[in-house]
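Structure at a glance
Take a look at the letters that make up each chain.
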Amino acid sequence: MLEFEDVAPLHDPILIAAFEGWNDAGEAASAAIEHLADVWQAEAVAALDPEDYYDFQVNRPKVVLDDGQRRVIWPTTRLLVARDTGFDRDVVLVEGIEPSTRWRAFTIELLEFAERVGVSTFVTLGALLADVPHTRPIPVTATSDSVDVIHRYDAESSSYEGLTGIVGVLSDAAGRTGLPALSCWAAVPHYAGGSPSPKATLGLIGKLESLFGITIPLGDLPETARAWERGVNELAESDDEVAEYVQSLEEATDTADLPEASGAAIAQEFEKYLRRLGDDPPTAR
């Protein structure tokens, strides 16, 4: 661990982590961390030594010009601390690239840092390609292997079996140490997953708001998401087969979502609306 500065005591911190690569369809999860770091003005406090975990022929360093001077930026994983979050908990953000090697040592380093700064809730973000329509809200699922966490955050128990990425490894390791762990996954339309998906990023931010009862500044993210949807609309309208496929996904989604229009779901959305209204009151027109 390459530490930039000592970390002053944090207040009941949440750790939120996401990684570029296999766990990050449409770059939705890594963009969510970038958005949080920006709106919360998070400061980098440490980074993992890239020499230990990355194959530089796979994740190559970049050369940039900084005030006219050329310098090399190495791929790595950084840890940032956000104290001005607008609610009563500090946040540790983990942003980086899925490591190429030594995953267990990588996991141990992150968990040791989390323990040292007193992290009390461990959250990982991911995104996957799925058969979902781009015209409907992006499905985001929160899962945990802990019964207590499932009840506390109204999460689900994951039944997934198969290959996993560093997000799955970290969630499992955190849970095994007794650290309450949640994993949030956004489903990105597979026919539109080749480019960044701000609508999926917006879905992940919304899920964090619901889980912790907070309001996160959205900035221009809603407009960027609408622009993305308009772009995919144009793509679908230009191909009859794609348009027909999207329509079939819409019909399947609408049918499946009918039972969710419950009083509890509507009340939850209304509470979220009121929280945001209180932080950003509408202007007179």
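Basis of the calculations
Residues numbered from 1 in each chain as written. Predicted model: local features only at pLDDT ≥ 70, side-chain atom pairs only at ≥ 80, totals over all residues. Heavy atoms only, no water. pLDDT = per-residue confidence, 0-100. Helix = DSSP H or I, 4+ residues; strand = E, 2+ residues; numbered from the N terminus. Phe/Tyr/Trp six-rings, centres within 6.5 Å; stacked < 30°, edge-to-face > 60°. Buried < 20%, exposed > 50% of the residue type's maximum accessible area, 1.4 Å probe, protein only. Pairing = 2+ DSSP bridges. Contact = heavy atoms within 4.5 Å. Axes fitted to C-alpha atoms, helices over the stretch in contact; angles between N-to-C directions. Salt bridge = Lys/Arg side-chain N within 4 Å of Asp/Glu carboxyl O. Lys, Arg positive; Asp, Glu negative; His and termini not counted. Arc of directions from axis to C-beta. Core = buried A, V, L, I, M, F, W, Y, C linked by side-chain atoms within 4.5 Å.

1. So, the confidence of the model for the protein
Across the protein, the average pLDDT comes to 89, with 90% of residues at 70 or higher. Per-element mean pLDDT across the protein ranges from 55 in helix α9 (residues 263-279) up to 98 in helix α1 (residues 28-39).

2. As for the packing of aromatic side chains
Taken as a whole, this structure holds six aromatic pairs when the rule is applied. Here the aromatic rings of Trp-40 and Phe-87 are separated by 6.1 Å at their centres, their planes lie at 50°, and the arrangement is tilted. Of this pair, Trp-40 sits in the loop between α1 and β3 (43-47) while Phe-87 sits in the loop between β6 (78-82) and β7 (91-97), placing them 47 residues apart in sequence. The residues Trp-40 and Phe-87 share a single accessibility class, namely buried. Among the aromatic residues, ring-to-ring pairing joins Phe-19, Tyr-53 and Phe-106 into one connected group.

3. Let's talk about the sheet that holds strand β1 (residues 2-3)
Ordered in space as β1-β3-β6-β7-β2-β8-β10-β9, the eight strands form an open sheet in which the pairing is mixed. Here the strands that pair on one side only, and so sit at the sheet edges, are β1 and β9 (140-143). Sheet topology places β1 next to β3; two bridges connect them, and they run antiparallel. Bridge pairing in β3 places Leu-2 opposite Ala-47. Packing against the sheet, helix α6 (residues 198-212) makes contact with β2 (14-20), β8 (121-130), β9 and β10 (181-189), and its axis sits at approximately 150° to β10.

4. What to know about the pattern of salt bridges
One pass over the structure, following the stated rule, counts 10 salt bridges. Ionic pairing is found between Arg-78 and Glu-95, a salt bridge with its closest N-O pair at 2.5 Å. Residue Arg-78 is located in strand β6, and its partner Glu-95 is located in strand β7; the two are separated by 17 residues in the primary sequence. Its relative accessible area of 31% is what places Arg-78 among the partly exposed residues. As a salt-bridge pair, Asp-254 and Arg-136 come within 2.9 Å of each other at their nearest N and O atoms. Linking Asp-254 in helix α8 (residues 240-257) with Arg-136 in the loop between β8 and β9, this pair joins segments that are 118 residues apart in sequence. Residues joined in a network through salt bridges with shared partners are Arg-136, Glu-250 and Asp-254.

5. Here's the deal with the side chain of Glu-109
Counting through the fold element by element, Glu-109 comes out in helix α3 (residues 103-116). Of the side chains with opposite charge, Arg-102 comes closest to the buried, unpaired Glu-109, at an N-O distance of 6.0 Å. Setting aside its immediate chain neighbours within four residues, Glu-109 contacts Met-1, Leu-48 and Tyr-53.

6. Let's talk about helix α5 (residues 166-176)
Inspection of α5 places Ile-166, Val-167, Leu-170, Ser-171, Ala-173 and Ala-174 among the buried residues, and these make up the whole buried set. The buried residues of α5 occupy one face: seen down the axis, they fall within an arc of 170°. In this structure, the buried residues of α5 make contact with β2, α3, β8 and β10. Gly-178 lies just past α5 and shows a positive phi near 90°.

7. Quick notes on the nonpolar core
Formed by 40 residues in total, the largest nonpolar core has its most connected members in Ile-16, Leu-93, Val-123, Leu-125, Leu-204 and Phe-212. Discounting chain neighbours no more than four positions away, the residues touching Leu-204 are Ala-28, Ala-29, Ala-32, Leu-125, Gly-126, Val-140, Cys-184, Trp-185 and Ala-186. Leu-10, Leu-15, Tyr-54 and Val-92 belong to the second largest nonpolar core, which has 30 residues in total.

8. Structural notes on the side chain of Thr-143
Mapped onto the fold, Thr-143 is located in strand β9. Judged by relative accessible area, Thr-143 falls into the buried class, the value being 17%. Sequence-distant contacts of Thr-143, defined by excluding residues within four places in its chain, comprise Ala-155, Glu-156, Ser-158, Ala-181, Leu-182 and Ser-183.

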